[in-house]
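Understanding the architecture of this molecule
Here is what each chain is made of, one letter per residue.
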Amino acid sequence: MMDNNIAFQQKIDAEIKIEPKDWMPEKYRQTLIRQISQHAHSEIVGMLPEGNWISRAPSLKRKAILLAKVQDEAGHGLYLYSAAETLGISRDEMYNQLHTGKAKYSSIFNYPTLTWADMGAIGWLVDGAAIMNQVPLCRTSYGPYARAMVRVCKEESFHQRQGFEALLHMSKGTPEQIAMCQDAINRWWWPSVMMFGPNDDESPNTKQSMAWKIKRFTNDELRQKFVDISAEQVKLLGLTLPDPDLKWNEERQHYDFGAINWDEFWQVVAGNGPCNKQRLSTRKKAWENGEWVRNAATAHAEKRKQRAVQKELVEA
Ligand code: BYC
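Presented here is an overview of the structure given in this document. (Residues numbered from 1 in each chain as written. Predicted model: local features only at pLDDT ≥ 70, side-chain atom pairs only at ≥ 80, totals over all residues. Heavy atoms only, no water.)

What follows deals with the packing of helix α5 (residues 117-134) against helix α9 (residues 219-237). Close contact between α5 and α9 brings their axes to 10 Å; oriented N to C, the two are set at 145°. Crossing handedness for the pair α5 and α9: right-handed. Residues Trp124, Leu125, Gly128, Ala129, Met132 and Asn133 of α5 touch α9, and the partners they reach there are Leu222, Lys225, Phe226, Ile229, Ser230, Gln233, Val234 and Leu237. Classifying every residue of the contact of α5 with α9 gives nine nonpolar, four polar and one charged. (Axes fitted to C-alpha atoms, helices over the stretch in contact; angles between N-to-C directions. Helix = DSSP H or I, 4+ residues; strand = E, 2+ residues; numbered from the N terminus. Left-handed = near helix turned anticlockwise from the far one by under 90°. Contact = heavy atoms within 4.5 Å. Nonpolar A, V, L, I, M, F, W, Y, C, P; charged D, E, K, R; others polar.)

The full count for this structure, using the stated rule, is two cavities of 30 Å³ or more. By volume, the largest cavity amounts to about 40 Å³. Lining the largest cavity are Arg62, Leu66, Trp116, Met119, Gly120, Gln162 and Ala166. Every element with two or more residues in the lining of the largest cavity is listed here: α3 (60-85), α5 and α6 (143-170). (1 Å grid on protein atoms, 1.4 Å probe; cavity = no way out; pocket = protein on both sides within 12 Å on 5 of 7 lines; lining within 4 Å. Points joined across faces, edges and corners; volume = space filled by probe spheres on them.)

Here we take up the site of the ligand. Taken together, the neighbourhood of the ligand is formed by 33 residues, with Lys104, Ser107, Ser203, Lys215 and Asn219 sitting nearest. Between the ligand and Asn133 there is a distance of 2.9 Å, counted from an oxygen atom to a side-chain nitrogen or oxygen. Protein coverage of the free-state accessible area of the ligand, which is 1000 Å², stands at 90%. At the level of secondary structure, the elements contributing two or more residues to the shell around the ligand comprise α2 (26-51), α5 and α10 (262-272). Here the shell around the ligand gets eight residues from one element, more than from any other, and that element is α2. Here the shell around the ligand is composed, by residue class, of 13 nonpolar, 13 polar and seven charged. (Near = heavy atom within 4 Å. Polar contact = N/O pair within 3.5 Å; in protein donor to acceptor, adjacent residues only side chain to side chain. Areas by Shrake-Rupley, 256 points an atom, 1.4 Å probe, with all protein chains shown as cover.)

Looking now at the layout of surface pockets. Roughly 1100 Å³ of internal volume is contained in the largest pocket. Every residue lining the largest pocket is counted, 45 residues in all, and those nearest its centre are Gln38, Ser106, Asn133, Met195 and Phe196. Contributions of two or more residues to the lining of the largest pocket are made by α2, α3, α5, α6, α9 and α10. Among the elements that line the lining of the largest pocket, the one with the most residues is α2, at nine residues. Class assignment for the residues of the lining of the largest pocket results in 20 nonpolar, 15 polar and 10 charged. By volume, the second largest pocket amounts to about 200 Å³. Lining the second largest pocket we find 13 residues, and of these Ala103, Tyr105, Val269, Gly271 and Asn276 sit closest to its centre.

With that settled, the discussion passes to unusual backbone geometry. The phi angle at Glu15 is positive, at roughly 65°, despite the residue not being glycine. Its place among the elements puts Glu15 in the loop between α1 (2-13) and α2. Judged by relative accessible area, Glu15 falls into the partly exposed class, the value being 41%. Positive phi, close to 55°, is recorded for Lys213, a residue that is not glycine. Counting through the fold element by element, Lys213 comes out in the loop between α8 (206-211) and α9. Its relative accessible area of 17% is what places Lys213 among the buried residues. (Buried < 20%, exposed > 50% of the residue type's maximum accessible area, 1.4 Å probe, protein only.)

Put into structure tokens, the structure is as follows:
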């Protein structure tokens, strides 16, 4: 057992990917199931706040873009559920963990989307934070997760750009449009900063996940990169981030930023955010309403299998 652990860590240190049939410590498997399934749930729940605006997009072009983005998120969920399945958990089990509240999903999707500018702010900030976290995951140590993330990240970068472009366009518009953009940024900024998870000294999983190269950067390292980039990008919009303490620190070569409201973060994670109940009940309803589709698909697959067996018998 000891030898297995040493050989495993040597593989990780040599940057050799771990594949589904390779030996792995049980805790490595469980950590990956937790992280990948929560990531998959985040994609699927993440379709809801934006899906809310598809029918109200202000033009055909914006509607087509938003529709494509939300469909991409469904695809990301599917790649990620498939990657998690290679670790020995079934999709039904993962859905059950989501629906019973056992599995988490990203805190960010428990906030409401109040105006059209929220679509821009989500693309720019939420997808921007997502990319910052997910590009390093293309080099994560588990092969199927790393490969899924390559495709996810290509699409995420389109998501981020479309959001920034939508805000750029609106921020050159009427005073009402400019105010709507600023209001959306004010509401989405802090929840986006929180997306990276607790500070490193409060993060129980980071140390081991870094040693196993599941995570390539700590929560605080990624958060700082996100703040540094966003603080510059917001200037192009002629708008501001809602943080009076945001200030370039010459010595650190980073932006300093204000205190994060961790109480709010943990409340949202615990299920008490503005939209937690609504999000979960929408997902559960979708699962229940889809039962006949699952039954029909299973029956169809069974029929095809039987037909193939009969054909083989006739031909033999
Ligand atoms: N929300 O020890 P820590 C997207 C939990 S989808 C809720 O640092 P870890 C998109 C954490 O799970 C974005 N819970 O954990 C989709 C842990 O609890 P458990 C999703 C959070 O795993 C559609 C506890 O706090 N991205 O971008 O080492 C449209 C302690 O944390 C959160 C991913 O899932 C949170 N924000 O690090 C648009 C990326 N943060 O599980 C966009 C993959 C922490 O022990 N995941 N917690 O009970 C990761 O990279 C890592 O799991 C995290 C957390 C950095 C998120």
